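# Structural overview for review
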Amino acid sequence: MTILEAAAALRAKKVSSRELTAECLRVIDGGNGAYNAFLNVTGVSALREAAAFDGELARGIDRGPLHGIPIALKDLFCTRGVATTCASLLYKDFVPDYDCTVWEKLSGAGCVMLGKAHQHELAYGVTSNNPHYGPVRNPWNVERVPGGSSGGSGAAVTAGMTFMAMGSDTGGSIRVPAAFCNTFGLKPTFGRVSKFGVLPLGYTLDHMGPLTRSARDAAVCLQVMAGRDNRDETTSFAPVDNYLPSEAISLKGVRIGVPSNYYFDRVDPDAANAARKMIALAASLGATIVDVTVPDIAALNTVARIILLCEAATVLNQFAGREHEVGADIRVLWEQGLLMPATEYINAQRLRRHFRDAFLRVFDSVDVLATPTTPTGAKKIGDPTVTIEGVEEDFRLATTRFMRGINVLGFPATSQPSGFDGEGMPLGLQLIARPFAEKRLLEVAAALEDATDFHLHTPPSL
Amino acid sequence: MNVSEKVTAPLEALESQFAALKPSIDRFAEPVSMYVLPFEGDSK
């Protein structure tokens, strides 16, 4: 069931928020031992909140489509009185005395919090294989990673534990788990959603967004979260659109750019074919397909890595002396960040504007870009490398290479289900748009979703 | 800090890749803000 379907059922009095919440808690109770998707389940308060929202609806108070909908938050969204650990020992005793803006807005819109979703330690990786709290397991195959860093969010949504789970995305951390777990994932434009009260990783690369079962569900979540927040000076004053795509969407006149360079190089044939089939589908729905050459993505990824190493090391250095408390992968990156000269960081930021302008010119001729989200489907937990077309690559760098640079640009991007690889693991299609074009992005995604059923598939074990 | 090759080898590779971009950096003479918050000028 999607958020919009649940919202309709609530208003038709076919179900109550308390029943929806109890069902989510039942699924969590039955599945969390296998998937490890939640670090903390707040069942008692969830049922209490749900009953209160039911009471409001009975009295004619309707907060909108999220009223009474149970959701989860990645464990880096600060929530008053509820532990927020970032899946790290560094924050293991941290119980915030305030709510992040995202949760303020979602709870104000009627969401019920089921608990905090597991993640890659400190959001600094793509496997969610956590040395302290155990790995998150992919419900499509428990021997495989769910992606990350928002791995618990992806696993929870695809396993039916929650209607939506919030994620954060610094170099692909919403889109990777969305692709690997067969969910929809939205990384909004930088500055569209407040980061106030979210434990940071990369100050100028972090983005907050939802993982959901449909594009329209992501739209109703963005509707609530988007907008200026005076507590986050990087949020934009740009007007908030009406993001919900209509029931019937035409792609006539929509220009979809397909990169002729980089994005289809060294890609698992299943992933490339899945993306190309979705692009062909878009053409059959009336879209104009435009071959484009995009600026140097490998260079953009280099810029992204330098900025992230430095910013993450700055974040982590508040814990100097506690390096032994983080996983080996995090420690290496932390040390690398400390060794990176400030001149490199500044030059990377200078190049950032150059790339942004170059990418904006690409969008003179297209409305969205379409690419595979990842070069492969999910791989085995613990595998540090992946081999694609005979070339062995670091799994983290390979998995993020189509996404990481988009965080440098700050442009909005989505991942949506686009098929399955030969091993039955889900694949994703990434759509990218110009800044603040989330409305168009979600329309294209919803049109493709309406014409396919990949998003309706559930893991074989469920 | 005890710096291992596990730390330095990937870092050297990254810095080498970045060095290849230096000519394009040096073409830019325009002033830029310290943090390139992508849309600060576009949206306010």
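Residues numbered from 1 in each chain as written. Chains lettered and ligands numbered in written order. Predicted model: local features only at pLDDT ≥ 70, side-chain atom pairs only at ≥ 80, totals over all residues. Heavy atoms only, no water.

Residue and element names in this part refer to chain A. At a closest axis distance of 8 Å, the pairing of helix 9 (residues 297-316) and helix 10 (residues 328-339) adopts a crossing angle of 105°. Taken together, helix 9 and helix 10 sit at an angle that is classed as roughly perpendicular. For the pair helix 9 and helix 10, contact is made by Leu309, Cys310, Ala313 and Leu316 and by Ile330, Leu333, Trp334, Gln336, Gly337 and Leu338, respectively. Split by residue class, the contact of helix 9 with helix 10 holds 8 nonpolar, 2 polar and no charged. (Axes fitted to C-alpha atoms, helices over the stretch in contact; angles between N-to-C directions. Helix = DSSP H or I, 4+ residues; strand = E, 2+ residues; numbered from the N terminus. Parallel < 35°, antiparallel > 145°, perpendicular 65-115°, else oblique. Contact = heavy atoms within 4.5 Å. Nonpolar A, V, L, I, M, F, W, Y, C, P; charged D, E, K, R; others polar.)

This next bit is on the pattern of salt bridges. All names here are of chain A. For the coordinates displayed, the defined rule picks out 21 salt bridges over all chains. Arginine 26 is paired through a salt bridge with glutamate 23; the nearest N and O atoms lie 2.7 Å apart. Of this pair, arginine 26 and glutamate 23 both sit in helix 2 (residues 17-35), 3 residues apart, which is roughly one turn of the helix. Look at arginine 26 and you get exposed, because its relative accessible area is 52%. Glutamate 56 serves as the salt-bridge partner of arginine 63, at 2.7 Å between the closest nitrogen and oxygen. Residue classification places arginine 63 among the partly exposed positions, given a relative accessible area of 35%. One salt-bridge network, in which partners are shared between bridges, spans Arg255, Asp367, Lys439, Arg440 and Glu443. (Salt bridge = Lys/Arg side-chain N within 4 Å of Asp/Glu carboxyl O. Buried < 20%, exposed > 50% of the residue type's maximum accessible area, 1.4 Å probe, protein only.)

Another point: helix 4 (residues 101-108) of chain A. All names here are of chain A. All buried positions along helix 4 are accounted for by Thr101, Val102, Trp103 and Leu106. Residues of helix 4 that are buried make contact with helix 3 (43-58), strand 2 (70-74), strand 3 (112-117), strand 6 (164-169) and helix 7 (215-225). Following helix 4 by one or two positions, glycine 110 has its phi on the positive side, about 105°.

A word on the pairing of strand 11 (residues 368-372) of chain A. All names here are of chain A. Counting buried positions along strand 11 gives 5 out of 5 residues, so the element sits mostly inside the fold. Of the pairings in the sheet, the one linking strand 9 (residues 255-259) to strand 11 comprises 2 bridges and is parallel in character. Among the inter-strand pairings, glycine 257 is bridged to a residue of strand 11, identified as leucine 369. Across 5 bridges, strand 11 lies against strand 15 (residues 426-433) in antiparallel orientation. Along strand 15, the bridge assignment pairs valine 368 with alanine 433. (Pairing = 2+ DSSP bridges.)

This part covers unusual backbone geometry. All names here are of chain A. Between glycine 148 and the following residue, serine 149, the backbone shows a cis peptide bond with an omega angle of 10°. Within the fold, serine 149 resides in the loop between strand 5 (134-135) and helix 5 (151-158). The residue leucine 122 is not glycine, and still its phi comes out positive at about 60°. Within the fold, leucine 122 resides in the loop between strand 3 and strand 4 (129-130). Judged by its relative accessible area of 5%, leucine 122 falls in the buried class. Even without being glycine, phenylalanine 436 reaches a positive phi, approximately 65°. Take phenylalanine 436: it is sitting in the loop between strand 15 and helix 14 (438-450).

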